Amino acid sequence: DLNIPLENEMYEELTPLLKRIDEQNKQKDAIADMRKEFSANVSHELKTPLTSISGYAEIMKNGLVRPEDMKGFAERIYNEASRLITLVEDIIKLSKLDEGEIEMEKEDVDLYDLTRRIVSRLAPQAEKRAVHVEVTGENVICHGVRQILDEMIYNICENAIKYNRRGGSVSVWVGATLKGKKIIVTDTGIGIPEDQQERIFERFYRVDKSHSKETGGTGLGLSIVKHGAMLHNAQIHVESKVGKGTKMELTF
Ligand code: ADP
């Protein structure tokens, strides 16, 4: 009988340890699954435009295209190739973020100045869709990696323009609040269904797959934002109503 308390004690000691090992194994499995899924997605995403490119090129090579249609074919090849370039660039950015490879030199970055500069880089895209973009707020300094902050804000603002309606608007506010330094991007666009508002941060996840060609998206933009936010101890919060618009809030 003397053994019983000892066994109990051991049991009590071991249970949490075993549980922890179990949890660690589960986490490892989840990461392995995610990697597998990511590679499968990457292969698929790369193959699709490459198949189109080689298809169009083959038809042209075989002389099956009328001279007046040549330009259209060349344009399709060009568009698919551009998509591929963006995709490969995004994949490289993400894997660098994953491995912490990006030059991690932190510096004081003025989020307001940075945002204004990003919005003027996006002006041609906004003009093409007749979307009005305005930036308001105040200078706020964030200690961070400029290149990553740039990519994060760029992706959020670009989405607000891309998933907008013709003649819609985007308003960006940068400033300090009691809860932290914030960048709030509000658009009058198509919105995101409630049950997908978490999923949009997953790699390659897009609400409407058929939009991707027209908007030229890779489905990687918001995973770059999420990873960048983690690196900066920042939070990304989304509020959205289908048909009304979306508000993305980045808090540092
Ligand atoms: P993509 O390259 O497709 O834009 P993201 O990762 O940036 O990829 O976004 C994932 C998906 O989330 C988009 O395909 C789109 O369906 C949805 N989304 C992101 N931002 C917005 C927004 N402001 N309004 C509506 N939908 C959005």
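For the structure itself, look to the data block above.
A few points on the structure. Since the model is a prediction, treat every value here as computed from it, not as a measurement.

1. Concerning helix H5 (residues 146-162)
Logical step 1: Between its first and last C-alpha atoms H5 spans 24 Å; for 17 residues at 1.5 Å apiece the expected length is 24 Å, and the two agree.
Logical step 2: Counting buried residues along H5, 14 of its 17 residues qualify, which places the element largely inside the surrounding structure.

2. A few points about the packing of aromatic side chains
Logical step 1: Throughout the structure, instances matching the rule amount to two aromatic pairs.
Logical step 2: Ring centres of Tyr56 and Phe73 lie 5.6 Å apart, and the angle between their planes is 85 degrees; this geometry places the pair in the edge-to-face category. Remark: Phe73 occurs in helix H2 (residues 70-98) and Tyr56 occurs in helix H1 (residues 3-61); sequence separation between them is 17 residues.
Logical step 3: A residue is classified by how much of its surface remains accessible, and Phe73, at 13% relative accessible area, is buried.
Logical step 4: Above the ring of Phe73, the side-chain terminus of Arg76 is found at 4.8 Å from the ring centroid.
Logical step 5: The cationic tip of Arg203 hangs over the ring face of Phe38; the distance from NZ or CZ to the ring centre is 4.7 Å.

Each value, and the rule that gives it
Residues numbered from 1 in each chain as written. Predicted model: local features only at pLDDT ≥ 70, side-chain atom pairs only at ≥ 80, totals over all residues. Heavy atoms only, no water. Helix = DSSP H or I, 4+ residues; strand = E, 2+ residues; numbered from the N terminus. Expected span 1.5 Å × (residues − 1). Buried < 20%, exposed > 50% of the residue type's maximum accessible area, 1.4 Å probe, protein only. Phe/Tyr/Trp six-rings, centres within 6.5 Å; stacked < 30°, edge-to-face > 60°. Lys NZ or Arg CZ within 6 Å of the ring centre and 35° of its normal.

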